[in-house]
Amino acid sequence: MDHAAYGLAWLVFGLTHSALAGRTWFGRWSRIVYNVIATLQFLAVAALGAKLLGDRAVFVMPELARWSLGVVHLMGWGIVLASARFYDLGRLGGLTQLRHPELAPDEGLRTDGPHARLRHPLYAGAFLILWGAALSPLGLATACWGSLYLLIGTACEEHRLLRRYGEAYAEYRRRVPAFVPWRGLPLPLPPFCPNTSPATKGKGEVIMADGHSTPVLGIIGGSGVYDIDGLTNKEWRRIESPFGATSDEFLFGELNGQKLVFLPRHGRGHRIPPSELNFRANIDAMKRAGVTEILSVSAVGSLKEELPPGTFVIVDQFIDRTFARTKSFFETGLVAHVSMAHPVCGRLGDLVEAAAKEAGIICVRGGTYLVMEGPQFSTQAESNLYRQWGCDVIGMTNMPEAKLAREAEMCYASVAMVTDYDCWHPDHDAVTVDAIVKVLLANADRARSLVKTVAPKVTGRKAPCAKGCHTALDNAIITHGEVRDPAVVGRLDAVAGRVLKG
Ligand SMILES: CSC[C@H]1O[C@H](OP(=O)(O)O)[C@H](O)[C@@H]1O
Ligand SMILES: Nc1ncnc2[nH]cnc12
């Protein structure tokens, strides 16, 4: 009876621990909260174990066996301590996320140090610690329940790792054993683990959209657009990305027969300023959600008299003046250069233009969007300079979004909704948020009707985009196969899976 109660306590601990893993309910505090809950729960389980079984006599065994178990126990601690320096302890504990919330919640895939011999060196050490202490009924029960918990927890973690790193992790899993250094044990994956993503199906296969899959429309809603109405089968879902936290959950649904995925760029309620947006996570997660074409709707200032507030511009060029953002998915270990000569998809632009006509929305086709860092609006000298450069509208968000969508081989079109004349205009000496918001609300209604009209038009594509968006990485990767960093390659399973698999 006591053993059953102790086992039940472990079960509850295991289930809650796995179900809470990776949750981001508490923003930058999530990891710390997770660790504190786990510690308190663990202490409660340990106290219960001590109360129920602590007074039972230790096992009678030969001295040699007792010593051997002691050695096993110490070896376990040795492995744990030696492996710990190969982990980012700041991130494991959650302190790093407090200082850098934009960072990925977990460190990248590590295959060096002890990970070259074992996939889970810390757990391997934990098994030895547990079994080396199995000298009494309490120790033995703890070793049994603890091991079961570690085995199930590891299998769930492997689900997440397969989802996150795709083929790179599958290959690592085939090559390197989980806990015992001389045997590659194919740890079976349970069919269901709490908190694994809907983007994973059977055997860790990762669903990745490319130009040949059914078109899925992704909408990135800018200032004022925090929801899409009229969706059927509506559901907000979190999508994990190896690039860190996305701006918000994603709204999945259908609009006039077209699958649609919506993300409020700044988060619901407008929490995140332009420079702190995790553009990489947002675009990577869009790709993981199956999105093939992205329509961005954004609030902008006008740099031209003939583009008054209320005008919609289907942007076709950008000047990127941002300087404090990570602009590429590629980095040391895998280098790629994609073309940005035509930064938006002309085909998707055609569909948006046709939809605007149908919905009776006045829309200007073509215009250069100057992307400034912000969050402050521009000075008059800057505004005049951008006018001299021939720019049409000014905003703070479409770069690096468009660059990343291109790297991720997705069509990207941008509808810029003019909310104000920037400060160059004699009648608009200074831009203010309340003036912008007034126009925004009217713009946002028309943006939603534009989205409704454009959605069914996207369904028609039967082959990859003729403008080359879905094949942007053909001939873009320059790093030789033998010097590619598996961790970087692993993170790019969604973005560049099409070209990295082949
Ligand atoms: C609310 S005014 C400034 C803000 O609005 C635009 O955001 P978004 O492009 O997401 O609509 C602009 O770029 C600024 O971030
Ligand atoms: N004038 C402006 N400058 C930058 N971003 C904007 N978003 C809306 N109006 C803007």
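Residues numbered from 1 in each chain as written. Chains lettered and ligands numbered in written order. Predicted model: local features only at pLDDT ≥ 70, side-chain atom pairs only at ≥ 80, totals over all residues. Heavy atoms only, no water.

- The name an unreviewed UniProt entry assigns to the protein chain is S-methyl-5'-thioadenosine phosphorylase, from the organism Paramagnetospirillum kuznetsovii.

### Some thoughts on the pattern of salt bridges
Point 1. Applying the stated criterion to the full structure yields 25 salt bridges.
Point 2. Taking the shortest distance from any N to any O, the salt bridge between Arg 265 and Glu 401 comes out at 2.7 Å. Taken together, the residues span a long stretch of sequence, with Arg 265 in the loop between strand S6 (258–264) and helix H9 (279–288) and Glu 401 in helix H12 (residues 398–407) at a distance of 136 residues.
Point 3. The partner of Asp 493 in a salt bridge is Arg 288, with the nearest N and O atoms 2.7 Å apart. Of the two residues, Asp 493 is situated in the loop between helix H14 (486–491) and helix H15 (497–501) and Arg 288 in helix H9; the sequence distance between them amounts to 205 residues. (Salt bridge = Lys/Arg side-chain N within 4 Å of Asp/Glu carboxyl O. Helix = DSSP H or I, 4+ residues; strand = E, 2+ residues; numbered from the N terminus.)

### Observations concerning a nonpolar patch on the surface
Point 1. A grouping of Leu 8, Leu 11, Val 12 and Leu 15 is seen on the molecular surface, where their side chains present a nonpolar patch of about 390 Å² in accessible area.
Point 2. Structurally, Leu 15 can be placed in helix H1 (residues 2–20).
Point 3. On the accessibility criterion, Leu 15 (51% relative accessible area) is exposed. (Patch = residues over 30% accessible without salt bridge, like charges linked within 9 Å, V, L, I, M, F, W, Y side chains within 5 Å. Areas by Shrake-Rupley, 256 points an atom, 1.4 Å probe, with all protein chains shown as cover. Buried < 20%, exposed > 50% of the residue type's maximum accessible area, 1.4 Å probe, protein only.)

### Observations concerning the pairing of strand S11 (residues 368–371)
Point 1. Burial along S11 is two-sided: the residues Thr 368 and Leu 370 and Tyr 369 and Val 371 are all buried.
Point 2. Pairing between S11 and strand S12 (residues 393–395): three bridges, direction parallel. Paired with Tyr 369 across the strands is Val 393, a residue of S12.
Point 3. Taken together, S11, helix H11 (residues 380–388) and S12 constitute a β-α-β crossover, and its handedness is right-handed. (Pairing = 2+ DSSP bridges. Right-handed = clockwise from strand over helix to strand, strands pointing away.)

### Focus on the site of ligand 1
Point 1. The environment of ligand 1 is made up of Gly 222, Ser 223, Arg 265, His 266, Pro 274, Ser 298, Ala 299, Gly 395, Met 396, Thr 397 and Ile 436.
Point 2. One of the side-chain N or O atoms of Ser 223 is found 2.7 Å from an oxygen atom in ligand 1.
Point 3. In this structure, an oxygen atom belonging to ligand 1 sits 2.8 Å away from a main-chain N or O atom of Ala 299.
Point 4. Here ligand 1, which alone exposes 390 Å², has 91% of that area covered by the protein.
Point 5. Split by residue class, the shell around ligand 1 holds four nonpolar, six polar and one charged. (Near = heavy atom within 4 Å. Polar contact = N/O pair within 3.5 Å; in protein donor to acceptor, adjacent residues only side chain to side chain. Nonpolar A, V, L, I, M, F, W, Y, C, P; charged D, E, K, R; others polar.)

### Comments concerning the packing of H1 against helix H2 (residues 30–53)
Point 1. In the contact formed by H1 and H2, the axes pass within 9 Å of each other and the chain directions differ by 175°. Classed by the angle they form, the pair H1 and H2 counts as roughly antiparallel. On H2, the residues touching Asp 2, His 3, Ala 5, Tyr 6, Ala 9, Trp 10, Val 12, Phe 13, Thr 16, His 17 and Leu 20 of H1 are Tyr 34, Ile 37, Ala 38, Gln 41, Phe 42, Val 45, Leu 48, Gly 49, Leu 52 and Leu 53.
Point 2. Class assignment for the residues of the contact of H1 with H2 results in 15 nonpolar, five polar and one charged. (Axes fitted to C-alpha atoms, helices over the stretch in contact; angles between N-to-C directions. Parallel < 35°, antiparallel > 145°, perpendicular 65-115°, else oblique. Contact = heavy atoms within 4.5 Å.)

### Focus: the UniProt feature "transmembrane region" (unreviewed entry) in the protein chain
Point 1. Per the UniProt record, "transmembrane region" (unreviewed entry) is annotated on residues 31–53, 65–87 and 122–152.
Point 2. Between the C-alpha atoms that bound residues 65–87 the distance is 33 Å, and the span itself is 87% helix and 0% strand.
Point 3. Its end C-alpha atoms 15 Å apart, residues 122–152 is made of 87% helix and 0% strand. (UniProt positions renumbered as here; feature names shortened; annotations may be inferred.)

### Some thoughts on the site of ligand 2
Point 1. Around ligand 2, 13 residues are found, and the nearest of them are Ala 299, Gly 301, Thr 419, Asp 420 and Asp 422.
Point 2. Note that a nitrogen atom of ligand 2 is positioned 3.2 Å from one of the backbone N or O atoms of Gly 301.
Point 3. For ligand 2, a nitrogen atom lies 2.7 Å from a polar atom in the side chain of Asp 420.
Point 4. For the shell around ligand 2, the elements supplying multiple residues, two or more each, are strand S7 (293–302), S12 and strand S13 (411–421).
Point 5. Split into classes, the residues belonging to the shell around ligand 2 amount to eight nonpolar, three polar and two charged.

### What about the nonpolar core?
The tendency in soluble globular proteins is for nonpolar side chains to be buried as a group.
Point 1. Core analysis: the biggest nonpolar cluster contains 48 residues, and Ile 283, Ile 294, Phe 318, Phe 329 and Leu 492 have the highest contact counts within it.
Point 2. Within the residue set of this core, elements represented by two or more residues are strand S5 (250–255), S6, H9, S7, S11, H12 and S13.
Point 3. At five residues, H9 tops the list of elements feeding residues into this core.
Point 4. Not counting chain neighbours up to four residues away, the residues in contact with Ile 294 comprise Gly 218, Ile 220, Ile 283, Met 286, Leu 348, Ala 405, Met 410, Cys 411, Tyr 412 and Ala 413.
Point 5. Counting residues in each nonpolar core, the second largest holds 33 residues, with Leu 231, Phe 262, Leu 450 and Val 458 among its members. (Core = buried A, V, L, I, M, F, W, Y, C linked by side-chain atoms within 4.5 Å.)

### A look at the pairing of S7
Point 1. Most of S7 is tucked away: nine of the 10 residues are buried.
Point 2. Where strand S3 (residues 217–221) lies against S7, five bridges are found, and the strand directions are parallel. Opposite Ile 219, over in S7, you have Leu 295 as the bridge partner.
Point 3. Pairing between S7 and S13: 10 bridges, direction parallel. Note on S13: the bridge partner recorded for Ala 299 is Met 417.
Point 4. Judged from the two bridges that link them, S7 and S12 form a sheet pairing that is antiparallel. Residue pairing across strands places Ser 302 opposite Val 393, the latter belonging to S12.

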